[in-house]
Amino acid sequence: MDFRWQPNISLDQEALQRIASAFSKPAEVVKTYRGVFDSFNTDPRETISECECHEFLHHTMLQIKIYGKTSISLQYEAWFYYLLPKFIRERSNWYLLEKTVSFLLIVHPQFIPELYVGFRHDLFYTLGNTIMNPDCWRDGDLSQNHNWFFYDEITPYEQSSTLNICLFFCLKYLRSKELEAWVDSLADIEGSRWGLQFGKWLQRFHKLIQYIENPSLYPPSVRPNPSISTQISLNRLGWAGSEFQKFADGYINDENLNSFWQSVHKHPKLKAFLKT
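Thresholds applied
- Residues numbered from 1 in each chain as written.
- Predicted model: local features only at pLDDT ≥ 70, side-chain atom pairs only at ≥ 80, totals over all residues.
- Heavy atoms only, no water.
- Helix = DSSP H or I, 4+ residues; strand = E, 2+ residues; numbered from the N terminus.
- Buried < 20%, exposed > 50% of the residue type's maximum accessible area, 1.4 Å probe, protein only.
- Contact = heavy atoms within 4.5 Å.
- Salt bridge = Lys/Arg side-chain N within 4 Å of Asp/Glu carboxyl O.

Visitor: Help me out: how do you make sense of the environment of Ala 15 in this one?
Guide: Mapped onto the fold, Ala 15 is located in helix α1 (residues 13–22). Of the residues examined, Ala 15 reaches a relative accessible area of 0% and is grouped as buried. Between the alpha carbons of Ala 15 and Asp 122 there is a distance of 4.8 Å; along the sequence they are 107 residues apart. In this view, Ala 15 contacts Tyr 116, Asp 122 and Thr 126; residues no more than four positions away in its chain are not counted.

Right, dumping it as structure tokens:
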């Protein structure tokens, strides 16, 4: 797959329709410890509210993380894929986007399977392309109508944003041989706000990987936070002992990391971000 980012690209409606056609409504009722999601069983997926989508993703992710793969978690997955077109259509809501990606990280910690022929392609050209949507861009640059700054001055945590969620999704799930073309496309994107926000992400991601490889480099007061990808999926894991090791082992595979950094260093424009 030759996947590249190009600003001002609208949602691929044909890809979205293939996803919608591939997954029918499950027969089982959606139940969690919160209760029953009645509207899921009676209403068309297009009319389900964003609030209910948030609740569904939050509670089902939590139960899967606690109990692992069970017959109930398989029901959750079936409902997730049925509702995926709805989640994708609402992708401009970064909080719902984050939960959608987080769910995928929990049920597919290594790679995205081909649930039907071309599923990976369709997922990247819908969900993975969110940041390229026209409402994210204006006058050849990232729009000012979004809060792209993902650092929260009040707390020591970085906040997720549409940009860093999409960057993480692509870096995590593209195959190593597909990353070069994607990184090439990152280098081709112009705009001062784009450069500022992408540069911040790249610097912090680089520090995070350095710390994973050598934790002694960073004292606790300056340790990078994993939420540069997604807060919910990583659950703000602690930075000590087994919890840190669990986080480090499941983050991004070495083959993808090596391919990503090699591709970044090919471009002086991207490499310069690592020196600032």
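Visitor: Help me understand unusual backbone geometry in this model?
Guide: Generally, phi is negative for residues other than glycine and the peptide bonds are trans, each holding for most cases. Even without being a glycine, Asn 8 presents a positive backbone phi close to 65 degrees. The topology assignment puts Asn 8 in the segment before α1. Phi angles above zero are rare outside glycine, and Asp 139 is one such case at about 55 degrees. Considering the arrangement of structural elements, one finds Asp 139 in the loop between β3 (137–138) and β4 (141–142).

Visitor: Just checking my understanding: could you explain the pattern of salt bridges for this structure?
Guide: Pairing between side chains becomes possible if they bear opposite charge and their charged atoms approach one another. Tallied over the entire structure, the rule returns eight salt bridges. Salt-bridge contacts for Glu 46 lead to Arg 45; the nearest nitrogen and oxygen are separated by 3.8 Å. Here Glu 180 makes a salt bridge to Lys 266, at a shortest N to O gap of 2.5 Å. Within this pair, whereas Glu 180 is found in helix α8 (residues 176–188), its partner Lys 266 is found in the loop between α12 (254–265) and α13 (268–271), the two being separated by 86 residues in sequence. Judged by relative accessible area, which is 38%, Glu 180 ranks as partly exposed. Lys 266 gets classed as partly exposed once you look at its relative accessible area, which sits at 43%. Linked through salt bridges whose partners overlap, the residues forming this network are Glu 180, Asp 184 and Lys 266.

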